[in-house]
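# Report on the structure
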4 protein chains.
Amino acid sequence: MGSKRERILHAAEALFAEKGFTAATVEEVARRAGIGKSTVYEYFGSKDEIFRQTLKAGLESYLDAMKGRLKQPCSVRDVLTAIATAHFNFVKEHTFTARLLADEYNDTPWARQWLLGLRERRIAMFSSLIRQGIAEGEFRLVDPRMAAEVLLGVLNALCAPLLNGKNDGKNKDAVTIERFHRGIAIFFEGILAK
Amino acid sequence: MGSKRERILHAAEALFAEKGFTAATVEEVARRAGIGKSTVYEYFGSKDEIFRQTLKAGLESYLDAMKGRLKQPCSVRDVLTAIATAHFNFVKEHTFTARLLADEYNDTPWARQWLLGLRERRIAMFSSLIRQGIAEGEFRLVDPRMAAEVLLGVLNALCAPLLNGKNDGKNKDAVTIERFHRGIAIFFEGILAK
Amino acid sequence: MGSKRERILHAAEALFAEKGFTAATVEEVARRAGIGKSTVYEYFGSKDEIFRQTLKAGLESYLDAMKGRLKQPCSVRDVLTAIATAHFNFVKEHTFTARLLADEYNDTPWARQWLLGLRERRIAMFSSLIRQGIAEGEFRLVDPRMAAEVLLGVLNALCAPLLNGKNDGKNKDAVTIERFHRGIAIFFEGILAK
Amino acid sequence: MGSKRERILHAAEALFAEKGFTAATVEEVARRAGIGKSTVYEYFGSKDEIFRQTLKAGLESYLDAMKGRLKQPCSVRDVLTAIATAHFNFVKEHTFTARLLADEYNDTPWARQWLLGLRERRIAMFSSLIRQGIAEGEFRLVDPRMAAEVLLGVLNALCAPLLNGKNDGKNKDAVTIERFHRGIAIFFEGILAK
DNA sequence: AATGAATGAGTATTCATTCAT
DNA sequence: AATGAATGAATACTCATTCAT
């Protein structure tokens, strides 16, 4: 089900997340996609290209998940919470993609650049909102970019248990959305005015 | 300078941090250490063994950096700040090791376990202190483990710019200890009593 | 000509017979088979596997050569002579395989076990026939198994000159089937009744 | 005990017999001799040289064992029996050397030549005696060289069980000198006059 | 004389990629 | 469009041999 191209991307996403770029092999991607090895090359010019497209798809799917959460007629905290929640749900549903997009990807330098770019975009989005919150008197006066970085770190930390080993079910179950919200509440308490 | 064994570990540390375990080659480790390829095998039985020892050395050097910061006669916040500062300094001085120890290492499953273990130890240390802070009325009532995870995320986020590309000097210079302290201040504001 | 798999087995058979298992290299097997080195691994999982299959093929081809010589309506001596002749012809036509199957193969312990097994089967076949010959009064009363071992030794000794160096043509030409028969005649004279 | 040189030869003899020339390593020879790896090179110029000397020592020790058995004032059969007995005892006491000297050594072409030389000397010795036995009317008229080959094969076959695996004690115990004598008796019955 | 340390040349094996069908 | 077959280039690891002490 799904076009061959999609099946390849799916298989690649899972495999790259499990083993990293170098340790993953085109042969296993093909096997998991249920097609012949050389067919992969009908759709992608190289292993690098597969990885690039995998990241791109993951990125798009991530940004899609964020869309529409921004300009809502409510407090900045609510907007940020909505975004954070979207992040949480994305990680829960697309664990593999989430791992691929995790900040630290120790492999293939060019991929790191790509990912750093995404990080910058997220920070920009956050800091813009935080700046607005400060202007509107909702948050106290902090360095918006720095606060944005902190928020990103908090999101990653709270989602981290979701990213490890399929079998570690216990840990995962403990990671509820309520706990997640209590976690980011610490951040908001830290920057709210007064 | 330095024993051969140390030179190998140094070269390996840098290379693993740059390329990840799989993409790094024993030959390049040897080249960087300024020795013949097979000499590496006089000191380490296999590439895996090199990696294991690299992690072990990094871990020890990290834990050493934390030592003596714990039982000081002052507020819990001060203790946590001291630990955080030690973390910051460690990352600044041992950038490569720090990257190796970064929470997400997408390669070699057994290494991931090792690193998750370290993460747990750090969370345990943090949450124990936070629990104490709550008991002493310094912090408000929060889930200590959750708060510990948040703190860890904050530390990682604030140190992240130090971990990327040697050439990106501009970003690094912007990461001062003062900024770092202002960053974790957000966390403390979020959990202080009142 | 011949499937790739067969060409590899052929090349391997010759090379193993010439140099032994350890000294033979996969690269040379491939070169002799006229294919790329890695193509070998499309057909066999490892060097060990190549060797195993080579032995298996040699064994089968040897046992095939023996088939149909057993239950003939004539004297046991004639049956044994027929078998011995088949052995002789096999050695002459499949010199390399014959060397592989020679009793003493100083390399790779597990191969030795395999070959000892073959030796046992041959001895069992011989001693069974000899026992029959004794029962029928054709041979005198000797330990059948011991006599079987002796016969095997005689066969090997008489075929030995065929097994060495391709260039030593002179010696080989001297080894005729008539000489071979005169040789085993000594054995028969030694065990015939009266 | 014994000079270093002797200890090396001893260790090498055992190792070559176990694994064959190529699979044996200089390092293990040194380890078994209880000396440093490079010390081996103080006594032997190369691995090949060690092998050559090992064979030479084995050969000498074998020929020594045969000495004095030749010109005795009795029947040729008795002389041959004495030689055969010496062979049997040698194999029993110097199993490793015996394996090295076994007719088929599938490794290192130049060694094969050496061993073929030994084979020729033994055949020459046997056939000379057999010729004498024929001249004296003790044996019937057979091709002396061929008979010599047959005798050699019989000796090897009867000693073969002694050459395999240290642990296979059962088989070895079954190989008594009496059984051995009954075995060669078959040969003698085959060539005795009348 | 003895050896620990060092290494270059090799060896089995893997894998991204190409090509004929 | 799809793929089985083929392979060159790489890579971890081994080992005979050298050399400084």
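Summary of the structure given here.

Thresholds, definitions, all that
- Residues numbered from 1 in each chain as written.
- Chains lettered and ligands numbered in written order.
- Predicted model: local features only at pLDDT ≥ 70, side-chain atom pairs only at ≥ 80, totals over all residues.
- Heavy atoms only, no water.
- Helix = DSSP H or I, 4+ residues; strand = E, 2+ residues; numbered from the N terminus.
- Expected span 1.5 Å × (residues − 1).
- Near = heavy atom within 4 Å.
- Polar contact = N/O pair within 3.5 Å; in protein donor to acceptor, adjacent residues only side chain to side chain.
- Nonpolar A, V, L, I, M, F, W, Y, C, P; charged D, E, K, R; others polar.
- Least-squares fit on C-alpha atoms with pLDDT ≥ 70 in both.
- Contact = heavy atoms within 4.5 Å.
- Buried area = accessible area lost by both parts, 1.4 Å probe.
- Salt bridge = Lys/Arg side-chain N within 4 Å of Asp/Glu carboxyl O.
- Buried < 20%, exposed > 50% of the residue type's maximum accessible area, 1.4 Å probe, protein only.

An ideal rise of 1.5 Å per residue puts 39 Å on 27 residues; helix H7 (residues 109-135) of chain B measures up with 39 Å between its terminal C-alpha atoms. Directly after H7 of chain B, the chain includes Gly 137 of chain B, whose backbone phi takes a positive value near 80°.

What follows concerns the protein's contact with DNA strand E. By nearness alone, 32 residues border DNA strand E, and Lys 4, Ser 38 and Thr 39 of chain B together with Ser 38 and Tyr 43 of chain D come closest of all. Close to the protein, within 4 Å, the atoms of DNA strand E are drawn from sugar and phosphate at a rate of 57%. Within the side chain of Thr 39 of chain B, an N or O atom sits 2.4 Å from a phosphate oxygen of DNA strand E. Contacts to DNA strand E include Lys 4 of chain D, whose side-chain N or O atom sits 2.7 Å from a phosphate oxygen. Every element with two or more residues in the surface near DNA strand E is listed here: helix H3 (37-43) of chain B together with helix H3 (40-43) of chain D. Counting residues per element, the surface near DNA strand E draws most heavily on H3 of chain B, which supplies five residues. Split into classes, the residues belonging to the surface near DNA strand E amount to ten nonpolar, twelve polar and ten charged.

Now for the relation of the copies chain A and chain B. Laying chain A over chain B is done by rotating through 179° and shifting 0.0 Å along the axis; what remains is an RMSD of 0.3 Å. What the superposition gives is, in effect, a two-fold axis relating one chain to the other. Of the residues that chain A buries at the interface, 97% are likewise interface residues in chain B, meaning the two copies contact each other through the same surface.

Turning our eyes to something else, we now look at the arrangement of the chains. Considering only C-alpha positions, the minimal separation of the non-contacting chain A and chain D is 32 Å. The least C-alpha distance between chain B and chain D, which are not in contact, is 13 Å.

So, on to the interface of chain C and chain D. Chain C puts 38 residues into the contact, and the matching count from chain D is 38 residues. Summing the contributions of chain C and of chain D, the shared interface buries around 3300 Å²; its carbon and sulfur component is 56%. At the boundary of chain C and chain D, one finds two salt bridges. Here Arg 179 of chain D ties to Glu 149 of chain C by a salt bridge, and the two come within 3.3 Å at their closest N and O atoms. Summed over the shared surface of chain C and chain D, the result is two residue pairs in polar contact (both at pLDDT 80 or more). Contributing elements (two or more residues each) for the side of chain C that touches chain D: helix H1 (4-23), helix H7 (109-135), helix H8 (144-159) and helix H10 (177-191) of chain C. Among the elements that make up the side of chain C that touches chain D, the one with the highest residue count is H8 of chain C (nine residues).

For helix H1 (residues 4-19) of chain D, spanning 16 residues, the distance from its first C-alpha to its last is 22 Å, which sits close to the expected 22 Å at 1.5 Å a residue. Three or more residues of H1 of chain D are buried, namely Ile 8, Leu 9, Ala 11, Ala 12, Glu 13, Ala 14, Leu 15, Phe 16, Ala 17 and Glu 18 of chain D. Where H1 of chain D is buried, its residues touch H7 of chain C together with helix H2 (26-33), H3, helix H4 (47-66) and helix H6 (95-101) of chain D. Of the residues trailing H1 of chain D, Gly 20 of chain D is marked for its positive phi of about 85°.

Evaluated as defined, the whole model comprises 34 salt bridges over all chains. Among the salt bridges present, the one from Arg 145 of chain D reaches Glu 149 of chain D, with a minimum N-O distance of 2.9 Å. With Arg 145 of chain D and Glu 149 of chain D both in helix H8 (residues 144-159) and four residues apart, the pair spans about one turn of that helix. A network of salt bridges, in which partner residues are shared, links Glu 18, Lys 19, Glu 28 and Arg 32 of chain A.

A few words on the interface of chain A and chain B. Listed as interface residues are 39 residues of chain A and, on the opposing side, 38 residues of chain B. Across the interface of chain A and chain B, roughly 3300 Å² is buried in total on both sides, 56% from carbon and sulfur atoms. For the pair chain A and chain B, the number of links is two residue pairs in polar contact (both at pLDDT 80 or more). Sorting the residues of the side of chain A that touches chain B by element identifies helix H1 (4-19), helix H7 (109-135), helix H8 (144-159) and helix H10 (177-191) of chain A as the ones contributing at least two each. When the residues that make up the side of chain A that touches chain B are grouped by side-chain class, the tally is 18 nonpolar, seven polar and 14 charged.

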